[in-house]
Amino acid sequence: MIVVFGSINLDLITRVERIPGPGETTLGVDYATSPGGKGANQALAARRAGAKVAMVGAVGKDSFAAEALALLKADDVDLSATAEVAAPTGAAFIAVDPNGENAIVVASGANRFAKAAQLEQLAMGPGDILVLQRETPPAEVEAAALHAKAKGARVILNLAPAGAPSDRLLRALDALIANEHEALTLGEAAKLETRQPEEVAAHLDRALGLATIVTLGAAGAVGYSNGVRFASAAPAVKAVDTTGAGDTFVGAFAAALDRGLAFDDAIKRGVAAGSLACAKPGAQPSMPYAAEIEALAR
Ligand code: RIB
């Protein structure tokens, strides 16, 4: 089983000619809503990739909650340990440009009240995988990792949004996944001199024995585990909307590990799934199912 502890949002998405800079206003034509949140996205991606998945997070008692959870429910993700709290459901305001690139502002809302203690409602053990990101409170993310570790489960952290995890959290991890920007932020925090994201991954593997993957957008992904470098190129796709592509990578990668695939084969599944997700609009609606991922990965 894969357990995801993380954020649940409703995304409000508008397409713009250009993503605005500070102090600027840009007009979009209209907007769409769709379920999102890095945690929920990764849970759905893992489920669609074929894993049994439980999502642990928090939503409000408002009208956004049902829409935010709709696709998780439709695909049969276990929501029994997701809480309803007295705060608005998280919302993300997303601008997408003609190249499919995005800029995102998240109003955390109920995600601020997600607690690691909710994990106690699930029976976790060896063979399970906990997937974490950084859109819920850092102390709860760390407590969730330690809980899973104590139960003998593996722990994967997606370092999004960028920031430096505590040493305790880093030591509890079995794998770390970051994009180039997130990897460099971590490299700076660790006072590494390099400006190469891949070297940060190699360093974490060498110094901490932590398997680390850097996702490279249209160039695929590169990872280091036990001193060995694995790279996977991305198939060419016309990017319509890259929102949630990184989350799709994480979910599909975790699902592949969960069914016993090796690190490099799991990276391939992640890259294939992330590429497929770029070809359609929205984070969750664009996520591929296992058969599509396998066909592309092969
Ligand atoms: O990674 C994409 C996600 O980031 C969006 O779905 C949005 O909700 C934010 O959490």
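As shown above, the structure is provided for reference.
Basis of the calculations
Residues numbered from 1 in each chain as written. Predicted model: local features only at pLDDT ≥ 70, side-chain atom pairs only at ≥ 80, totals over all residues. Heavy atoms only, no water. Helix = DSSP H or I, 4+ residues; strand = E, 2+ residues; numbered from the N terminus. Buried < 20%, exposed > 50% of the residue type's maximum accessible area, 1.4 Å probe, protein only. Core = buried A, V, L, I, M, F, W, Y, C linked by side-chain atoms within 4.5 Å. Contact = heavy atoms within 4.5 Å. Near = heavy atom within 4 Å. Polar contact = N/O pair within 3.5 Å; in protein donor to acceptor, adjacent residues only side chain to side chain. Areas by Shrake-Rupley, 256 points an atom, 1.4 Å probe, with all protein chains shown as cover. Nonpolar A, V, L, I, M, F, W, Y, C, P; charged D, E, K, R; others polar.

### Notes on unusual backbone geometry
And step 1. For the peptide bond that leads from Ala160 to Pro161, omega is -5°, which places it in the cis range.
And step 2. Secondary-structure assignment places Pro161 in the loop between strand E10 (154–158) and helix H4 (167–172).
And step 3. Its identity as a non-glycine residue notwithstanding, Asp76 has a phi of 70°, on the positive side.
And step 4. Judged by its relative accessible area of 58%, Asp76 falls in the exposed class.
And step 5. Phi at Lys191 is positive, roughly 60°, even though this residue is not glycine.
And step 6. Classification of Lys191 by relative accessible area gives exposed; the value is 73%.

### Considering the nonpolar core
And step 1. In terms of nonpolar packing, the biggest core is built from 45 residues, with Ile2, Leu72 and Phe253 touching the most fellow members.
And step 2. The leading source of residues in this core is helix H7 (residues 245–258), at 8 residues.
And step 3. Those residues in contact with Leu72 that lie beyond four places of it in its chain are Ala40, Ala43, Leu44, Met55, Val77, Leu79 and Gln284.
And step 4. Listed in part, the 40 residues of the second largest apolar core include Val155, Ala178, Val200 and Val214.

### Considering the site of the ligand
And step 1. Lining the immediate environment of the ligand, one finds 13 residues, of which Asp11, Gly37, Lys38, Glu135 and Asp247 sit closest.
And step 2. Here Gly37 contributes a backbone N or O atom positioned 2.8 Å from an oxygen atom of the ligand.
And step 3. Within the side chain of Lys38, one N or O atom sits 2.9 Å away from an oxygen atom of the ligand.
And step 4. The fraction of the free accessible surface of the ligand (280 Å²) that becomes covered by protein chains is 96%.
And step 5. For the shell around the ligand, the secondary structure elements donating two or more residues are strand E2 (9–15), helix H1 (38–48) and strand E8 (102–107).
And step 6. By residue class, the composition of the shell around the ligand is 4 nonpolar, 5 polar and 4 charged.

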